[in-house]
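# Structural description and commentary
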Amino acid sequence: SVPFLIRLFPSLLTKFVYLNFLAFPFFVDFRQPELLVNNTISLYLTTEPGVTVGIWHTVPGSRGAEAQGKDQRWYEEALADAHPVIIYLHGNGGTR
């Protein structure tokens, strides 16, 4: 019956393969990464009209003391300095 249901409802296959309806760890607010990861802030990029992508900007531990208590503007300026930026694409879970 499973192949029949998948043929009838192809969106079910996507849900079960990617499990993007699960948010793990449970009951965590991913909009406040500073509660989970040190030296991290949540930013949003508009990639095209109507599409916004949420990102976390984490500075390295060597700049951790400098990042303590800084606001979003400081993190944005840190992206523009001469240090390299590593982009990590986490996968298909739908959460950061």
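My aim in this report is to walk through the structure given alongside it, one point at a time. Since the model is a prediction, treat every value here as computed from it, not as a measurement.

Structural remark: α-helix, 3.6 residues per turn; residues separated by three or four positions point the same way. What helix α4 (residues 72–79) keeps buried is the set W74, Y75 and A78. Relative to the axis of α4, the buried residues are bounded by an arc of 100° and lie together on one face. In the core, the buried residues of α4 are packed alongside β1 (40–48), β2 (51–58) and α3 (64–67).

Attention now moves to the pattern of salt bridges. Overall, the coordinates contain 3 salt bridges when judged by the stated rule. Salt-bridge contacts for R63 lead to E66; the nearest nitrogen and oxygen are separated by 3.3 Å. R63 gets classed as buried once you look at its relative accessible area, which sits at 13%. Its salt-bridge partner being E77, residue R73 comes within 3.2 Å of it at the nearest N-O pair.

Our focus in this paragraph is the nonpolar core. Across soluble globular proteins, you tend to see nonpolar side chains buried next to one another. Formed by I41, L43, V59, A67, W74, Y75 and A78, the largest nonpolar core amounts to 7 residues. For this core, the elements supplying multiple residues, two or more each, are β1 and α4. The element contributing the most residues to this core is α4, with 3 residues. Excluding residues within four positions of it along the chain, W74 makes contact with V59, R63, E66 and A67.

The next subject is the layout of surface pockets. Gaps between atoms show up when a probe of the same size as a water molecule is rolled over them. Its volume calculated, the largest pocket comes out at about 800 Å³. The wall of the largest pocket is formed by 27 residues, among which W56, H57, I86, I87 and Y88 lie closest to the centre. At the level of secondary structure, the elements contributing two or more residues to the lining of the largest pocket comprise β1, β2 and α4. For the lining of the largest pocket, the leading source of residues is β2, giving 6 residues. Classifying every residue of the lining of the largest pocket by side-chain character gives 16 nonpolar, 7 polar and 4 charged. Quantified by volume, the second largest pocket comes out at close to 150 Å³. Contributing to the lining of the second largest pocket are E34, V37, N38, N39, T40, I41, A67, Q68, G69, K70 and Y75. Class assignment for the residues of the lining of the second largest pocket results in 4 nonpolar, 5 polar and 2 charged.

What counts and what doesn't
- Residues numbered from 1 in each chain as written.
- Predicted model: local features only at pLDDT ≥ 70, side-chain atom pairs only at ≥ 80, totals over all residues.
- Heavy atoms only, no water.
- Buried < 20%, exposed > 50% of the residue type's maximum accessible area, 1.4 Å probe, protein only.
- Helix = DSSP H or I, 4+ residues; strand = E, 2+ residues; numbered from the N terminus.
- Arc of directions from axis to C-beta.
- Contact = heavy atoms within 4.5 Å.
- Salt bridge = Lys/Arg side-chain N within 4 Å of Asp/Glu carboxyl O.
- Core = buried A, V, L, I, M, F, W, Y, C linked by side-chain atoms within 4.5 Å.
- 1 Å grid on protein atoms, 1.4 Å probe; cavity = no way out; pocket = protein on both sides within 12 Å on 5 of 7 lines; lining within 4 Å.
- Points joined across faces, edges and corners; volume = space filled by probe spheres on them.
- Nonpolar A, V, L, I, M, F, W, Y, C, P; charged D, E, K, R; others polar.

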